[in-house]
Structures are given as C-alpha cells and as structure tokens.
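Notes for the structure review
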Amino acid sequence: MATEVSVLTEFAIHEENKQRAPGKVLHDAVCNHLNLVEGDYFGLEFPDHKKMMVWLDLLKPVMKQIRRPKHVVVKFVVKFFPPDHAQLQEELTRYLFALQVKQDLAQGRLTCNDTSTALLISHIVQSEIGDFDETIDREHLAKNKYIPHQEALEDKIMEFHRNHMGQTPAESDFQLLEIARRLEMYGIRLHPAKDREGTKINLAVANTGILVFQGHTKINAFNWAKVRKLSFKRKRFLIKLRPDVNSSFQDTLEFLMASRDFCKSFWKICVEHHAFFRLFEEPKPKPKPVLFSRGSSFRFSGRTQKQVLDYVKEGGHKKVQFERKHSKIHSIRSLTAQPSEQHTEVPKQSARAYGDNNDAAAVQSCRQGKEVKSSAEDTGQHKSPSLKKSPKEGRKMDGAVVSTVEEEEEPAKDRMQQNRPQSQQPSTGSLTGSPHLSELSINSQGGPSVANMTLSPNLSPDAKQSSPLVSPLLNDPSCIRADDEEEVKRKRFPTEKAYFIAKEVATTERTYLKDLEVITSWFQSAVSKEDCMPETLKNLIFSNFEPLHKFHTGFLKEIEQRLALWEGRSNAHIKGDYQRIGDVMLKNIQSIKQLTIHLRKHNEILMELENGIKNSRKLETFCRDFELQKVCYLPLNTFLLRPLHRLMHYKQIMERLCKHYPPNHIDFRDSRAALAEISEMVAQLHGNMIKMENFQKLHELKKDLIGMDNLVIPGREFIRLGSLSKLSGKGLQQRMFFLFNDILLYTSRGLTASNQFKVHGHLPLYGMTMEESEEEWGVPHCLTLRGQHQSIVVAASTRAEMDKWTEDIQMAIDLAEKSSGPAPELLASSPPDNKSPDETTVDQESEDDLSASRTSLERQSPHRGNTTVHVCWHRNTSVSMIDFSIAVENQLSGNLLRKFKNSNGWQKLWVVFTNFCMFFYKSHQDNHPLASLPLLGYSLTLPSESENIHKDYVFKLHFKSHVYYFRAESEYTFERYVCFL
C-alpha cells in the first residue's frame, strides 16, 4: 500500500520446519503482528522469478514459492474488496482499506473524475491533519502529493475539506470508502488480454464476477450466477456460461492472454474470488488420483467472507483496541469531549498520517541484525499502529522482508503541528461536534431544529451543533447515578420475573397515558384556541378519548400501588398477598370491555379527521403545525390509533405472564382469565385495526409525496417503502420506492422547503415481470422490472434488501394478476409528469442537487424531517407494512442507563421505544422527548471484552461509526430489548 516498511513477522516455527512451512503460517504471522482479525480480506503479493506479481499460495511451502528470499519484497495488500465496506467490522480493517485506496489513487489504478478525486483526497487530508485551516492545508498539500498534477485540484480539495469539520479519522476512513466503493475502478486490477477478434481488452475479477474493460471503461460483466465453469488452456482463458435463451452470448467465451503463466495466475484469482464471496465455507480438498492427475489441483484456502462475518459478529476473537497516532488537533478534540475529566496538559503527538507519500517505495533487502529501511524512509520515522515497538524495526524470514501498511509519524517539530489552532468544539460530552453522532433531535423552541435535525452523516458543517443527546442538561453530573447506588437499588427490589412483567405494565401504561394526553389535553387545548374544526368533529374525537383517559388514569394508580406493595414499601408483602398482578389485570380488562363502544369509534374518528383536513385548508395547516410541536413526537393520526394498539400490548404481556407461571401458582388463574378476556377483545377489533393502520399509513405517505394527488383510494394497500438505486443514462441514482398492491412509485428527494419526495414515475403491477439482471448490467443485487409500457433497472444495497423487495414485488404482482386489471381510478392517480421513466429528462438531478438534498434536514421546514421515509432514505434501507404493524403493536418504556463510546459515566434516562425509534426523556413526567434516535439500520450486539464494559445487562447499538451502550435494570428488561431490537 502507500507505505512499505518492514514488520516483525513473528514467523514462529521451529528451525527444522521452516523449509516446509506453508504460506498460511506467514500470512497469519503478519495478521497477528497487526492484531488484524479480518485478515482474510488481505493477501501477500510478491514478484516471482519472471518478475510477474503473484499471490502467495497459502497451502504451498513458502520456500518453494519464493526462490530467492533475500532479494524479494513481500507486500501485504487488500486482495478481496467487499461490495459494501460496512461489512468490515473492525476499524483497523477499514483503516488498511483506506490506505489501499490512497495508494491506488497515487498509482493511477483508481481513476475517477476531478470532483470525486478531490473529495477522496479531502477525506484523506481530514484524517491526516484534522479540521480545515487554509494555511496549514496549503502547506500540507505542497508537501504531500496524492496524485500526479495535484496542483490543479488544490482549491477544490480545500473546498471539500472545509465541509468535514469535526470529522474523526475513523469517520474520514468510512467516508473515503463510501465514495470509493461507488467508483467503477474500485478494487480493480486489470489483466491485459485479447478477444477472439484480436481486440485488445482488459479482464478483471470482482466480488460480483468477471469484468471486461476496454481501457478503463467497463464494457461487459459476467456474474457468478451465470458462470458455469472457469478454465484455462495454455494462453486461452475460457468462461463457460449457463444456458440462457435471452442471452446473445455463446456458451463458451475465449480470451487470449500474454502467456500461460499470466493465464493461470488470473484463473487462480478468479477461483479465489468466487469461493470467497459465493461459498459458505472453505471448499474441501479433492481426493488425490490413484494413477495420474488431470488439471490443476489448486483450490481456495481460508475462510470465506460469510465465515469471517460470522466469526467477528459472534465475538469469537479477542478484540484489541486499534489506537491511532492522532494529530494534535484530534488530541485536543478528544480532551474537550470529556467534561468530567481534568486535563492540565495536552500531549504533543505527531500527525496521524496515512503513510509515506512516495508510492513507489520499495523495501530494501537486509542482512541479519540490520534495520530494514524503506527507500522513502527519509521523510519520517515509521511505526506500526496499535503495537508496541520492537528494538528492531524489522525481522527477516530467511532474508525475505515482509512489507505492510504502517502509519507515519511526522517529526514533532513540524511547523504544521506547531501552528495548529486550538479546537473550538464545546466540551459538552463525548459526542459533541461529531456529525455522525448527532441524531434526530427536537428543538427546545418547539419546532424542528435547523441545526440538530440530522439524519445524514454527510452534513454541512455550518449547520452542526451539539445534539441534545449530549447536551449539558443530560450530561450534568447530577444526572449520572453512581454504580454503587444502582447496585444497592437493584438488590433492594424484587428479582422475580413476574415482578418485572408487572413493572412493564406500569412503565408502558405511563407512556400510554401521556399519549392519550396528547389528544385530550394538548390537541384539545390547541383546537379550542382556533376556529378551524367543526363542532361535530370536536365532539366525536374528545367525547371518545376523554373516558379512556379517565379510566387509564385510575388503572395506572392501581398498578403503581400494587408495585409499591410488591416492592416492600408496606408490611403487606410479608403475607404474600400482593406479589401478583393477574387480579388487577383481570379486573381492569373487564372494565375496558365496557369501553368498547368508544374503541369502535376510532375508525370513524380517523376517517372524519382526514376528510376534514382534505376539505379545509385551515384545518390542514392547523394539524400540520400541531405535529411540529415537541409533544407530538409521532404523526398525529398515530395517536388516534393508540387505544387499539394498547390492547395488543396487554395481550402480549399477559401471554408472557401466563407462560412464566406454573399452573399451580396463586396468580395463574386470574392471569389466564385476563388473557382470555383481552384475546376476545383483540379478535373483535383486530380486523378493523389492520384496515385503519393501512388507511393511516397511506395518509402519512401522502404528506411525504409530491405529484400523487390520489394516493388514498379504496382498495389500495401499502406493502413496502425504501431506498433503491435506479440505473439510468447517468449511472446509478438513489431513488425512494413505494410499493402498493397495484402500483410501484419511484421518487427522488425534493429540493423544496418541505423535504418531500417528488414522484418521477410509476409502474402498474398488472402484467409486470421481474428478473435478476446482475450479469447484464454488471451491478450487484440488480433487478429488471418490465411493465407493459416501460422497464426500469434497480439495485439494492445488499442481498438481503434485494430478497425483501423481490419477495414483496412478486407477491404484489400475483395479487394484481388475480384482480380484474387496473381500475380506471388507479390510472388516474398518475403523477402530472407522465413521461417514461427511461427518458433522460426525468432524472435531471445534478450532483449539487443531491448534495443539497442530503443537507435539507438542517433547514427550517414546515414538514417533519424525522419520518420513517426520510430515515430509510438516509440509511439506505426499507420497511414493510408488516414491520410497521409489529413496531406500533410492540412498545417498551422504562429507565435505561446510557453510555457513549468515549465517555466514562452512565446517564439515567427515561426511554420510550416505538416506531423504530428510541425517544429520550429526563424522566417519565416529561411531556416531550429531549432527543430521539432512529434505529433503522442499527445492529444490536453485546460488548466485547476489549470494550471494558464490566457491567451486567448491557447491550450495544451501532451503525457505521455510531456506537451507544445501554444498560438495563434486570435480566428480563435486557432480554426484552435484545429480542425486540
């Protein structure tokens, strides 16, 4: 990669075994030296006796491959480039990939336009020297040449660098890979060849299959799914394809390469890529023939990508923290991010750099006992990341020097570091100033905050502020409970599971009562001040919600009294009369049945309110403004369905309680009777609730769309929404897709103040066909959707996303086929712009437009920017109607302790988890959340040993560089979050 210096290979084998040690021993020694867990993505490369660069075979003895070890440089470089760098679990792995990108840029292997080049370099510069400073930037770019003729791009590089304020080295690496992976030449090594007509071409192999280039332009691709066999015969490389009646290709394709060795080398690389990305486990060796062999015995050796992902996710390794050599500015930032610690001195550290900038540096051979040097060593002293230094910089393995990527430490007296200004980030918490960790927040003035309403990790720096997640209020030392106090409190309360189930009833009832008050108190008060709602509609809403609020106020008091007795705050618990909850639930569920007449009115309430909004612009404006208030943390019509959802909560809680109790338990009979009562009510109202959820979702989506006036029509059902890439003449462009039972809409993020999505086109599902087309277009996870009048090509971000869309689209097509065809009213719902989606005029979005749309959440807006649609857009994921139903019918509330990745203390917060989002409150008495964290795209894991979280019941939520730790009060609560998230 960029820097080629020696490392201690720790080639720990006995002297007598050196001659027959396989390449895997050397590869593992290098990975162990670097503490690299995901070393399977990397390989060792060296020139053979014909000066041709080849990969070290992990099965063959090293000494049989490297004939003259004293004169050979072995390079440790990236071998397998995954389709998504988010699959790289370790920060060190992403760092090494970033170094590879840097070297490929410098060597001209990674080609792209000037804008992309400048953007890539700006992230490298941000990682090396920190935040933008014009003087230091010019000085740094003058000293470091990342590409030939860099001077012409320096102004553009600095312009981009200015936008990366507060971005850490790890975040810079992530953004660098995010941009690089979308480039056509990312991870591509060209192998010269000729086709049957003698035309000069280049072959390459990637995670998707075999690619054909003419110059640096991809002209064809053969997906692994379409390849039946790969072989070579002398200088001819042969690809046998699976039969396809729609394909114009011959069954066998033939390419001529320079020599047999070149041909075999490329064939080996293809075999390894296919096995690594397509197989679940390492292929087993073939049995040796008895008489004579035919063909090569070469096979892939090592873990496949699936095995690597499973190994890391399951925590089968001992994690070692990767520590960077940060620059002074990063050191200062990390210090200011810890308000609870007192620092009297800022350590003088040299710049954290990607490595030496002389890209053609070669490690010279050395004799035993002498220090191994790079030919570019005069620019600085090299040290290995996250490792202790050895007295000797390098060690020979029989004279062969192994080179790898290392970090470069600039001399401490570098003027760039001496002149570095102090960081201006406020010290309000460990996440302050980081754009990645500033999640969706709610402004203290009641509207969406211009600075804090952020979802996208790529935000304009002039709009960044501290998130309320790390506000002084939440980080006040008085808010942080001591661990000892928590332990004492935990020991004082009951520990049986039934108690915590009863406590879940109480905590979720508190949240439900607050949700009712949004309608009975806040909404009613606002309506009374405005003459915008008909009296009949007022009476319909509030006459049916006020009895529910009154009943559940008494219900909550009764539950809390029972819990107080259960916890021992009375002598009654000695008799054991109150260590149960079934009797309370049975009594109150029987009372709820008398309120069924009000619950049945919710269908009418929702429809009448939407009709009123449709017919009155004044009422529409009023409801939209009310939704922007802090207390209305969910869409208004969601609160109207809360009473029906609460019945589902009761049913699930009672099922868990009955499953927990043995039949002879004192509380079992009442609990089972309560379950029977609530199950009967749910069965009666469930069908109506499903219809209302679909009706509510259609109206909610209507607010997010521009150009679709008749979205809500009888018979239309919502199925899935999410982000896909649409292939057009300009390449892949991100689009938001909305799938219904009769039509598929695709939209782009609008540039209006409302943040809505503009409908670009639609495909009726009646008569539609669908087929995978990865090979045809050379795009991973690619589908072609063919309608009766037009076709579009879309690509998902992952195979899992593609499978979800494929299943739901096929289901929708089947439903449409069973119907009598598209109704006239459905066709009338087409957007005003009825051009074919394949016309180039439809997708007239410049890069500036897309950049502006990514940051539009920062601007003041009359439209909520934290809807699920917007989260899916920024997280590049999708959600189905089934997911929505599960999310609203399941809810968790209660106290959690939260800790950030770089903080020490635990903060106690009241947390409400609903609608794919965590809402944070100071306490359960608060009327509105302080902040929110959308969890779509997040992963839940348990902390590893190296993270030093020595507490019980802790789970970890992480997405890209965002990391949060949460600590539950009991095993039951911990399991509820782990199972539900």
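Residues numbered from 1 in each chain as written. Predicted model: local features only at pLDDT ≥ 70, side-chain atom pairs only at ≥ 80, totals over all residues. Heavy atoms only, no water.

**Some remarks on the nonpolar core**
F523, I541, M585 and L647 are the most contacted members of the largest nonpolar core, which totals 78 residues. With 15 residues, helix α13 (residues 497-529) is the largest single contributor of residues to this core. Grouped together as the second largest cluster of nonpolar side chains are 66 residues, L96, F97, L110 and L183 included. (Core = buried A, V, L, I, M, F, W, Y, C linked by side-chain atoms within 4.5 Å. Buried < 20%, exposed > 50% of the residue type's maximum accessible area, 1.4 Å probe, protein only. Helix = DSSP H or I, 4+ residues; strand = E, 2+ residues; numbered from the N terminus.)

**Things to note about the packing of aromatic side chains**
One pass over the structure, following the stated rule, counts 34 aromatic pairs. Here F523 and F542 contribute two aromatic rings whose centre-to-centre distance is 6.2 Å and whose plane-to-plane angle is 50°, an arrangement assigned as tilted. Of this pair, F523 sits in helix α13 while F542 sits in helix α14 (residues 535-566), and the two are 19 residues apart along the sequence. Among the aromatic side chains, those forming a connected cluster through ring pairs are Y41, F42, F76, F80, F81, F97, Y186, F276 and F277. A cation sits over an aromatic face here: K306 above F280, 5.6 Å from the ring centre. (Phe/Tyr/Trp six-rings, centres within 6.5 Å; stacked < 30°, edge-to-face > 60°. Lys NZ or Arg CZ within 6 Å of the ring centre and 35° of its normal.)

**Points about the confidence of the model for the protein chain**
On average, residues of the protein chain score 76 in pLDDT, and 72% of them reach the 70 mark or higher. Scored below 50 in pLDDT, residues 2-17 shows 63 contacts in the model against residues more than four places distant or in partner chains. With pLDDT under 50 throughout, residues 326-482 is counted as low confidence; its partners more than four residues away or in other chains account for 428 contacts. (pLDDT = per-residue confidence, 0-100. Contact = heavy atoms within 4.5 Å.)

**Digging into unusual backbone geometry**
The backbone phi angle of H781 is positive, close to 55°, even though this residue is not glycine. Here H781 shows up in the loop between α22 (774-777) and β21 (782-786). On the basis of relative accessibility, which here comes to 13%, the residue H781 falls in the buried class. Phi at Y953 is positive, roughly 60°, even though this residue is not glycine. Mapped onto the elements of the fold, Y953 is located in the loop between β28 (939-941) and β29 (954-959). Y953 gets classed as partly exposed once you look at its relative accessible area, which sits at 27%.

**Some words on the packing of helix α3 (residues 91-106) against helix α7 (residues 169-180)**
Running from amino to carboxyl end, α3 crosses α7 at an angle of 55°, the nearest separation of the two axes being 9 Å. With respect to α7, the axis of α3 lies oblique. α7 is crossed by α3, and the crossing has left-handed handedness. Packed against α3, whose contacting residues are E91, R94, Y95, F97, A98 and V101, the element α7 presents A170, D173, F174, L176, L177 and A180 at the interface. In the contact of α3 with α7, the residues fall into nine nonpolar, no polar and three charged. (Axes fitted to C-alpha atoms, helices over the stretch in contact; angles between N-to-C directions. Parallel < 35°, antiparallel > 145°, perpendicular 65-115°, else oblique. Left-handed = near helix turned anticlockwise from the far one by under 90°. Nonpolar A, V, L, I, M, F, W, Y, C, P; charged D, E, K, R; others polar.)

**Some remarks on helix α15 (residues 582-593)**
In this model α15 runs 17 Å from its N-terminal to its C-terminal C-alpha over 12 residues, within 8% of the 16 Å that 1.5 Å per residue would give. Along its buried surface, α15 packs onto α13, α14, α16 (596-599), α20 (642-660) and α21 (668-704). (Expected span 1.5 Å × (residues − 1).)

**As for a positive patch on the surface**
On the surface, R228, K229, R242 and R278 cluster together to form a positively charged patch. Looking at the secondary structure, you find R228 in strand β9 (residues 227-233). (Patch = residues over 30% accessible without salt bridge, like charges linked within 9 Å, V, L, I, M, F, W, Y side chains within 5 Å. Areas by Shrake-Rupley, 256 points an atom, 1.4 Å probe, with all protein chains shown as cover. Salt bridge = Lys/Arg side-chain N within 4 Å of Asp/Glu carboxyl O. Lys, Arg positive; Asp, Glu negative; His and termini not counted. Charge placed at Lys NZ, Arg CZ, Asp CG, Glu CD.)

**Considering the sheet that holds β28**
With respect to topology, seven strands assemble into an open sheet ordered β27-β26-β25-β24-β30-β29-β28, the strand pairing being antiparallel. What marks the edges here is a single partner per strand, and that holds for β27 (931-934) and β28. Along the sheet, successive strands turn relative to each other by an average axial angle of 35°, direction set aside. Looking at chain direction, β29 and strand β30 (residues 962-967) are connected through six bridges and run antiparallel. Looking across to β30, one finds that L957 is bridged to Y964. (Pairing = 2+ DSSP bridges.)

**Describing the pattern of salt bridges**
This structure, assessed with the given rule, holds 42 salt bridges. Here R976 makes a salt bridge to E504, at a shortest N to O gap of 2.8 Å. You can see R976 sitting in helix α28 (residues 971-980) and its partner E504 sitting in helix α13, a full 472 residues away along the chain. Among the residues examined, R976 registers a relative accessible area of 15% and is labelled buried. Taking the relative accessible area as the measure of exposure, E504 reaches 8% and is therefore buried. Salt-bridge contacts for E509 lead to R646; the nearest nitrogen and oxygen are separated by 2.7 Å. Here E509, found in helix α13, pairs with R646, found in helix α20; they are 137 residues apart in sequence, far enough to count as distant. The pair formed by E509 and R646 is uniform in burial state, with each residue classed as buried. Connected via shared salt-bridge partners are D84, E178, R181 and R182.

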